[in-house]
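Each chain, letter by letter, is given below.
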Amino acid sequence: MATPHIAAEKGAFAKTVLMPGDPLRSEFIAKTFLENPVLVNDVRGVHGYTGTYKGKTVSVMASGMGQPSIGIYSYELYSFFDVENIIRVGSCGSFHESIHVRDIILAMGACTNGNYASQYRLPGTFCPIADFGLLKKAAEECERIGARYSIGNIFSSDSFYDDAGSGMEWAKMGVLGVEMESAALYCNAARLGKKALCICTVSDSLIHPEENTTAEERQKSFTQMMEIALNIAE
Ligand code: HPA
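On a predicted model such as this, the values are computed, not experimentally measured, just so you know.

A.B. asks: Honestly, the nonpolar core in this entry has me stumped. Any pointers?
C.D. replies: Within soluble globular proteins, side chains that are nonpolar generally end up buried alongside one another. Membership of the largest hydrophobic core comes to 64 residues, with the highest contact counts inside it found for F13, L77, Y186, L197 and I199. Here the element with the most residues in this core is helix α5 (residues 215-232); it accounts for seven residues. Those residues in contact with L77, other than ones at most four positions away along the chain, are I6, F13, V17, M19, M61, D82, V83 and I86. If you look at the next biggest cluster of nonpolar residues, it comprises six residues, including F95, C111, V175 and V178.

Set out below in structure tokens:
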């Protein structure tokens, strides 16, 4: 079966798909954590794998960067491949005093400057939120392993390089961090009656720039986030 962006058998994906932005990170998760990972999609180099983790069948596929990209992949997985849960595992910037590089943010809600939700023609502003069951399980898992984590709002920006500035204004409203995908993912889950959660590891801080580390140094905290997502996969 082929959709415009995924060429895979109908049953090729598990009920739960972990979704990093980067295709190489998808490959890393599959090869590091999954037993017998099988490559199920490679259209545009967007690696999708299915394998087992602690006896559960789990898939992992990249989203690409930005809301249009995750909008496409999550829509096709939910709608045409019977996927029930998508757990984004990404990186984010933080503009909150209490949040440090390598911390984990569980995105309870996603604010955005993007236009994704305009397609629903709602007579007001839609508030994209995580699935509470997945959020609760992720929080419990963070507690169990002693991860540094926060739960709250995230800002899904449509521009990484933004002429108007860094988006710091969102911090005034208690928003914890900035990334580029969660709001569209949460919109698709809501519209299609599915579940989604975004777990982010803070890769850079606007408040504590001295903490910013290299890609390799951050790998360990990304690994922790991936294990949280895998352990809560249903
Ligand atoms: N902005 C947007 N997306 C990001 C950032 C950021 O600063 N850091 C990691 N993903």
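A.B. asks: Help me out: how do you make sense of the site of the ligand in this one?
C.D. replies: Taken together, S91, C92, G93, F160, V178, E179, M180, S203 and D204 form the complete shell of residues around the ligand. For the ligand, a nitrogen atom lies 3.1 Å from a polar atom in the side chain of D204. Structurally, the ligand is housed in the largest pocket. Contributions of two or more residues to the shell around the ligand are made by β5 (85-94), β8 (177-179) and β9 (195-205). Class assignment of the residues belonging to the shell around the ligand gives a composition of four nonpolar, three polar and two charged.

A.B. asks: Would you explain the environment of F132 in this entry?
C.D. replies: Structurally, the position occupied by F132 is in helix α3 (residues 132-145). Separated by 63 residues in the primary sequence, F132 and K195 place their C-alpha atoms 8.8 Å from one another.

A.B. asks: I would appreciate a short explanation of the pattern of salt bridges in the present structure.
C.D. replies: Think of it this way: side chains of opposite charge can pair up when their charged atoms draw near. Scanning the entire structure with this criterion turns up nine salt bridges. Between E27 and K31 there is a salt bridge, and its shortest N-O distance comes to 2.8 Å. Of this pair, E27 and K31 both sit in helix α1 (residues 23-33), four residues apart, which is roughly one turn of the helix. A salt bridge links E141 to R144; the shortest N-O distance between them is 2.8 Å. With E141 and R144 both in helix α3, this residue pair falls three residues apart, about one helical turn. Residue E141 is classed as buried on the basis of its relative accessible area, which comes to 9%. Connected through salt bridges with shared partners, the residues R88, E179 and E181 form a single ionic network.

A.B. asks: Just to check I follow, could you spell out the pairing of strand β2 (residues 35-41) for this structure?
C.D. replies: The side chains of a regular strand alternate between the sheet's two faces. Here β2 pairs with strand β3 (residues 48-53) via four bridges, running antiparallel. Paired with L39 across the strands is Y49, a residue of β3. Taking the residues that link successive antiparallel strands as the turn, the β2-β3 hairpin has six residues, and the phi of R44 there is positive, at about 60°.

A.B. asks: Hey, could you run me through the layout of surface pockets in this one?
C.D. replies: Where empty space is left can be seen by rolling a probe of water-molecule size over the atoms. Considering only enclosed or pocket space, the largest pocket measures out at about 770 Å³ in volume. S91, F160, V178, E179 and M180 are, among the 34 residues lining the largest pocket, the residues nearest its centre. For the lining of the largest pocket, the elements supplying multiple residues, two or more each, are β5, β8, β9 and α5. Looking at the lining of the largest pocket, the element that brings in the most residues is β5, giving six residues.

The rules we used
- Residues numbered from 1 in each chain as written.
- Predicted model: local features only at pLDDT ≥ 70, side-chain atom pairs only at ≥ 80, totals over all residues.
- Heavy atoms only, no water.
- Core = buried A, V, L, I, M, F, W, Y, C linked by side-chain atoms within 4.5 Å.
- Buried < 20%, exposed > 50% of the residue type's maximum accessible area, 1.4 Å probe, protein only.
- Helix = DSSP H or I, 4+ residues; strand = E, 2+ residues; numbered from the N terminus.
- Contact = heavy atoms within 4.5 Å.
- Near = heavy atom within 4 Å.
- Polar contact = N/O pair within 3.5 Å; in protein donor to acceptor, adjacent residues only side chain to side chain.
- 1 Å grid on protein atoms, 1.4 Å probe; cavity = no way out; pocket = protein on both sides within 12 Å on 5 of 7 lines; lining within 4 Å.
- Sits in = over half its atoms within 2 Å of the grid points.
- Nonpolar A, V, L, I, M, F, W, Y, C, P; charged D, E, K, R; others polar.
- Salt bridge = Lys/Arg side-chain N within 4 Å of Asp/Glu carboxyl O.
- Pairing = 2+ DSSP bridges.
- Points joined across faces, edges and corners; volume = space filled by probe spheres on them.

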